[in-house]
Amino acid sequence: MGIAPDGGLFVLPNFDGIQFDVRAALDADLVTRTAMVLKAFMPAFGSFENMVRESYDGHFDHPEITPVEKVGDKYVLELFHGSTCAFKDMALLFLPKLIRKAMELKSIHEKVLILTATSGDTGTAAINGFSDVEGTAIIVFYPSDGVSKIQKEQMIKSIGKNVSVCGVHGNFDDCQSAVKATFAKLNEDRIPEKYGFRLSSANSINIGRLFPQVAYYFTAYSDLLKRGAIRYGDSVDYVVPTGNFGDILAGYMAKKIGLPVGRLVCASNANRILTDFFQTGVYDLRREFELTSSPSMDILISSNFERLLYYESNGDTAFVKTSMEKMKSDGYYNVPENMLESIRKTFFAYACSEEETRRTIQNVFETYGYLADPHTAVALHAAEQYQKECNPKNPVVVLSTASPYKFSDAVLESLRVTADSDDIFDKMYALESISGVHAPSSLMSLKGMEVLHKDVIDKEEILSYVSRKLEQSEA
Ligand SMILES: *Cc1c(COP(=O)(O)O)cnc(C)c1O
């Protein structure tokens, strides 16, 4: 199930009973380590080693899967070497196997329909994971004007008999809210079961997305140990480019099960709602939605923040519910002073303007020869601010969430380089020639592929769109 029947998000009630051997996980190889993390959170599933190996084997263009690069005085954890060139692959290559296994354990014989809203990267990664997986179908909705050209190419050219992709007029928040509402409505009216389906989600509201992401926080730590940058037990700070708050919440969970995490720095683009929250304790939606060069972070309603509220209120579900309702009705909510204080012990936050994003891409390339995508640049900028302001003793790991090639437009513009034409593939060639780094073949191969998904609808039509797809799939 993607969302709980009452419309809230599933959480692990607390971290008390979790059995986890941190030292052993840090010493293990990546597959074993990831399997250990998953088992700690989901002991009923038994061993995860084979599932993880099958999920990751052959799907990455780097032998280390999530390598760490030293860039100046920071460490960059590259999470974009998977099939769709964004960090979403880390969880979405695995989620289909997890869902199939859950169905098997629960003797569920219906098919699963994955309904997903995407700010760009979830859609492609989810399609890649679920394409032609038996017993599943997937429908992806993307904001028609809110994704990068390459993100769009990846989605509308997706193949797979069980895949539908549809644009929705409006921004990501509109799209995500409408999909969430459709999800609830379909379940309420018991429509999927009429056609032999149940619903689930590939968004990070699905708790199955979060667990695999916890593992790479350990992997980065293990890497720093191996290169002698830290000793076992030293704290490490992590800077995370944030949208729906899933990735950074995984860091919080890693800390809760014993990884020596110092601070978690939340990096936002011009949609700085979280930065403002960490300053004021008010989550205030009453502001303009900005379209930026880091579209996967163009989000005002950060779904997973609900889970942080749950943990930081010590499981006060009434408080969480009231806050979420207040956000819907009044456009804001605030948290008590003592809760904000406690949150601020772990979380720091910085926002990055469009101009700062461009300058960071340029500086990092000119100074270190490192090519950063705009999402990573937002985090690099936040890391710089954090180091200047707080002078931390801990090493700083910046999570890099997308390949620069996925955002060739914005990267070239920042570097003030023009390509031969406006064609996105020419832009990738131009980026290759200045950086000497090969464009991922999964992006280049889009060139010769056919557009298969042309639908674009209004958000009011999502419900009937899904109903129609369910009818067709039965026939
Ligand atoms: C999804 C995404 C993010 C934001 O991650 P959240 O878990 O939603 O906070 C950042 N960068 C890229 C490239 C993404 O695709």
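This text follows the structure it describes.
Residues numbered from 1 in each chain as written. Predicted model: local features only at pLDDT ≥ 70, side-chain atom pairs only at ≥ 80, totals over all residues. Heavy atoms only, no water.

A. Region of interest: the nonpolar core. Ranked by size, the top nonpolar core spans 130 residues in total, and within it Phe 41, Phe 141 and Tyr 238 carry the most contacts. By residue number, the principal contributor to this core is helix H10 (residues 207-226), which donates 11 residues. Excluding its chain neighbours within four sequence positions, the residues that come into contact with Phe 41 are Leu 12, Phe 15, Ile 18, Phe 211, Val 214, Met 253 and Ile 257. (Core = buried A, V, L, I, M, F, W, Y, C linked by side-chain atoms within 4.5 Å. Buried < 20%, exposed > 50% of the residue type's maximum accessible area, 1.4 Å probe, protein only. Helix = DSSP H or I, 4+ residues; strand = E, 2+ residues; numbered from the N terminus. Contact = heavy atoms within 4.5 Å.)

B. The packing of aromatic side chains, seen in detail. Applying the stated rule across the entire model yields 22 aromatic pairs. Here the aromatic rings of Tyr 283 and Tyr 333 are separated by 5.4 Å at their centres, their planes lie at 5°, and the arrangement is stacked. Pair noted here: Tyr 283 is in strand E9 (residues 282-284) and Tyr 333 is in strand E10 (residues 332-334), with a separation of 50 residues, a long-range link. Like Tyr 283, the residue Tyr 333 is buried in the burial classification. Among the aromatic side chains, those forming a connected cluster through ring pairs are Phe 15, Phe 245, Tyr 252, Phe 277, Phe 278, Tyr 283, Phe 305, Tyr 310, Tyr 311, Tyr 333 and Phe 347. Seen from the ring of Tyr 232, Arg 23 lies directly overhead, with NZ or CZ sitting 4.1 Å from the centre. (Phe/Tyr/Trp six-rings, centres within 6.5 Å; stacked < 30°, edge-to-face > 60°. Lys NZ or Arg CZ within 6 Å of the ring centre and 35° of its normal.)

C. Structural view of the site of the ligand. In the neighbourhood of the ligand, 15 residues make up the surrounding shell, with Lys 88, Asp 121, Gly 243, Asn 244 and Thr 401 lying closest. Separating an oxygen atom of the ligand from a side-chain N or O atom of Asp 121 is a distance of 2.4 Å. Within the backbone of Gly 243, a nitrogen or oxygen atom sits 2.8 Å from an oxygen atom of the ligand. Considered on its own, the ligand offers 390 Å² of accessible surface; in the complex 98% of this is hidden by protein. Classifying every residue of the shell around the ligand gives five nonpolar, seven polar and three charged. (Near = heavy atom within 4 Å. Polar contact = N/O pair within 3.5 Å; in protein donor to acceptor, adjacent residues only side chain to side chain. Areas by Shrake-Rupley, 256 points an atom, 1.4 Å probe, with all protein chains shown as cover. Nonpolar A, V, L, I, M, F, W, Y, C, P; charged D, E, K, R; others polar.)

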